[in-house]
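Chain and residue survey
Listed below, chain by chain, are the residues.
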Amino acid sequence: MTVLDSDGPGPLKVGISIGDPSLDVVMEIVKAAETAGIDTVSVGDSKYGAESFTMLAAIAVLTEKIGLVSSVAGWVRTPAITAQLTHTISSLSKGRFSVGLGPLPQYRIEDWHGMEFNPILARFREYIMALAACLDATEAAPTNIDGQYFSTHGFVGPSFDRVRRSPIIL
């Protein structure tokens, strides 16, 4: 996996994506990856039960320098919840977290969560816009988004200091 920052292409960064092993194995892999100098680790929701943001929070406190990415968080969480999770993991990791977004497999959206999948591009675009609004929200400028698929009003973000605005990776 190559991660590009907002300044465009830079030095090659090397990362690993961890699939569905047990939670103990994930933690061992991450510790070994950080020791080996791997730049980034990504963790996705497992079809076998592990939830990515919880694992990333644990990894954040277990590690000191490796970058963290949610590997592919879908729109099954509201934009406000995803923003809260993002702010929390970013704070725990001292700014090392990037939120990775994408559409989950159609069966997971429809069968597991009872949500509509199509129109995929319109939903995904609107989700990204609503999430960005939630990530940027403050008490002085709360969210006020009326979307066709995702709306959010009055969300103000965390009361704790934000380390930085976590990048959104698609």
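The rules behind the values
Residues numbered from 1 in each chain as written. Predicted model: local features only at pLDDT ≥ 70, side-chain atom pairs only at ≥ 80, totals over all residues. Heavy atoms only, no water. Buried < 20%, exposed > 50% of the residue type's maximum accessible area, 1.4 Å probe, protein only. Helix = DSSP H or I, 4+ residues; strand = E, 2+ residues; numbered from the N terminus. Pairing = 2+ DSSP bridges. Contact = heavy atoms within 4.5 Å. Axes fitted to C-alpha atoms, helices over the stretch in contact; angles between N-to-C directions. Expected span 1.5 Å × (residues − 1). Arc of directions from axis to C-beta.

**Considerations on the pairing of strand E2 (residues 40–43)**
Of the two faces of E2, the one carrying Thr 40 and Ser 42 and the one carrying Val 41 and Val 43 are both buried. Bridge count for strand E1 (residues 15–18) against E2 is four bridges, and the pairing is parallel. Across the sheet, residue Ile 18 finds its bridge partner in E2, namely Val 43. Sheet topology places E2 next to strand E3 (residues 67–70); four bridges connect them, and they run parallel. Bridge assignment links Val 43 to a residue of E3, and that residue is Ser 70.

**Description of the sheet that holds strand E7 (residues 168–169)**
Pairing is parallel in the open sheet, where five strands are placed in the order E1-E2-E3-E4-E7. Each edge of the open sheet is held by one strand with a lone partner, namely E1 and E7. The strands touched by helix H2 (residues 52–62) within the sheet are E2, E3 and strand E4 (97–100), with E3 carrying the most contacts at an inclination of about 175°.

**Quick look at helix H1 (residues 23–36)**
Turn by turn, an α-helix covers 3.6 residues, leaving residues three or four places apart pointing in a common direction. In this model H1 runs 20 Å from its N-terminal to its C-terminal C-alpha over 14 residues, within 8% of the 20 Å that 1.5 Å per residue would give. For H1, the full list of buried residues reads Val 26, Met 27, Val 30, Ala 33 and Glu 34. Projection of H1 onto a plane perpendicular to its axis shows the buried side chains occupying an angular sector of 125°, all on one side. Structural note: H1 exposes Asp 24, Glu 28, Thr 35 and Ala 36 on the side pointing more than 90 degrees away from its buried face. Residues of H1 that are buried make contact with E1, E2 and H2.

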